[in-house]
Amino acid sequence: FASDDYIDCDEATLINNGRFTFQYFSYHFKCADNNNLNSYRIDYDMDGYHLNPDPNLKHYRHRIDWENLSIDIIRFNCLLAIHLALLYIKNGIYPADQKAGIYEKTLEGIRRKLK
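Quick summary incoming for the structure in this document. (Residues numbered from 1 in each chain as written. Predicted model: local features only at pLDDT ≥ 70, side-chain atom pairs only at ≥ 80, totals over all residues. Heavy atoms only, no water.)

When the terminal C-alpha atoms of helix H1 (residues 78–91) are compared, their 20 Å separation across 14 residues agrees well with the 20 Å that a helix rising 1.5 Å per residue should span. With a side-chain oxygen positioned 3.1 Å from the backbone nitrogen of Leu 79, the residue opening H1 is Asn 77. Gly 92 sits one or two residues past H1 and shows a positive phi near 75 degrees. (Helix = DSSP H or I, 4+ residues; strand = E, 2+ residues; numbered from the N terminus. Expected span 1.5 Å × (residues − 1). Polar contact = N/O pair within 3.5 Å; in protein donor to acceptor, adjacent residues only side chain to side chain.)

This is the structure:
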C-alpha cells in the first residue's frame, strides 16, 4: 500500500439544520518513492483553509492559505481531493503551483454534478 501513490481522506462533520457542515477535513496525497511527484496536504481546521506542500519543496512556504492558491479548496471534499490527485498524477502540475488553476474547470464540473 505505502509503495504506491495514495490519498488519505479525513473528514468530520456536524448536522446543522438538516445539512452536513464540515468541522474539519484533511486530504493528504502521499506519492510513491519511485516517481517524480511530491506530496501535499489540503486542510480545513480552526486555522482556516490551507495547503501544506511537500517539505522537500523549499521554494514554497510551509503553509499556503487558500487565497494564495489557484484552485478552490473552500468548496472541497474527498471526491474532489481524489480527482485533484488524479489530475496531478496525469498532468504533473503541482496543486500549489499557480498553473494548477487549469484543474479548476474539471473540479468545477464535478461540483456541479454533486449539487
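Here the focus is a positive patch on the surface. Among the surface-exposed residues, Lys 105, Arg 112, Lys 113 and Lys 115 lie close enough to one another that they form a single positively charged patch. Tracing the backbone through its elements, the reader meets Lys 105 in helix H2 (residues 104–114). Its relative accessible area of 73% is what places Lys 105 among the exposed residues. (Patch = residues over 30% accessible without salt bridge, like charges linked within 9 Å, V, L, I, M, F, W, Y side chains within 5 Å. Areas by Shrake-Rupley, 256 points an atom, 1.4 Å probe, with all protein chains shown as cover. Salt bridge = Lys/Arg side-chain N within 4 Å of Asp/Glu carboxyl O. Lys, Arg positive; Asp, Glu negative; His and termini not counted. Charge placed at Lys NZ, Arg CZ, Asp CG, Glu CD. Buried < 20%, exposed > 50% of the residue type's maximum accessible area, 1.4 Å probe, protein only.)

Moving on: the sheet that holds strand E3 (residues 40–45). Strand order in the open sheet formed by five strands is E1-E2-E3-E4-E5, with antiparallel pairing between adjacent strands. Either end of the sheet is taken by a strand with one partner, and the two such strands are strand E1 (6–16) and strand E5 (64–65). As judged from the 11 bridges shared by E1 and strand E2 (residues 19–30), these two strands associate in the antiparallel manner. Directly across from Asp 10, in E2, lies its bridge partner Ser 26. (Pairing = 2+ DSSP bridges.)

The next subject is the packing of aromatic side chains. For the coordinates displayed, the defined rule picks out 12 aromatic pairs. An angle of 40 degrees between the planes, with centres 5.6 Å apart, marks the rings of Tyr 60 and Tyr 94 as tilted. On the criterion of sequence distance, the pair formed by Tyr 60 in the loop between strand E4 (48–53) and E5 and Tyr 94 in the loop between H1 and H2 is long-range, its members being 34 residues apart. Residue classification places Tyr 94 among the buried residues on the basis of a relative accessible area of 6%. Aromatic ring contacts, followed pair by pair, group Phe 22, Phe 25, Tyr 27, Tyr 44, Tyr 49 and Phe 76 into a single cluster. (Phe/Tyr/Trp six-rings, centres within 6.5 Å; stacked < 30°, edge-to-face > 60°.)

Time to look at the nonpolar core. Counting 29 residues, the largest nonpolar core has Tyr 40, Ile 42, Phe 76, Leu 84 and Tyr 103 as its most contacted members. For this core, the elements supplying multiple residues, two or more each, are E2, E3, E4, H1 and H2. Looking at this core, the element that brings in the most residues is H1, giving six residues. For Leu 84, the residues in contact, after removing those within four places along its chain, are Tyr 40, Ile 42, Ile 71, Phe 76, Pro 95, Tyr 103 and Leu 107. (Core = buried A, V, L, I, M, F, W, Y, C linked by side-chain atoms within 4.5 Å. Contact = heavy atoms within 4.5 Å.)

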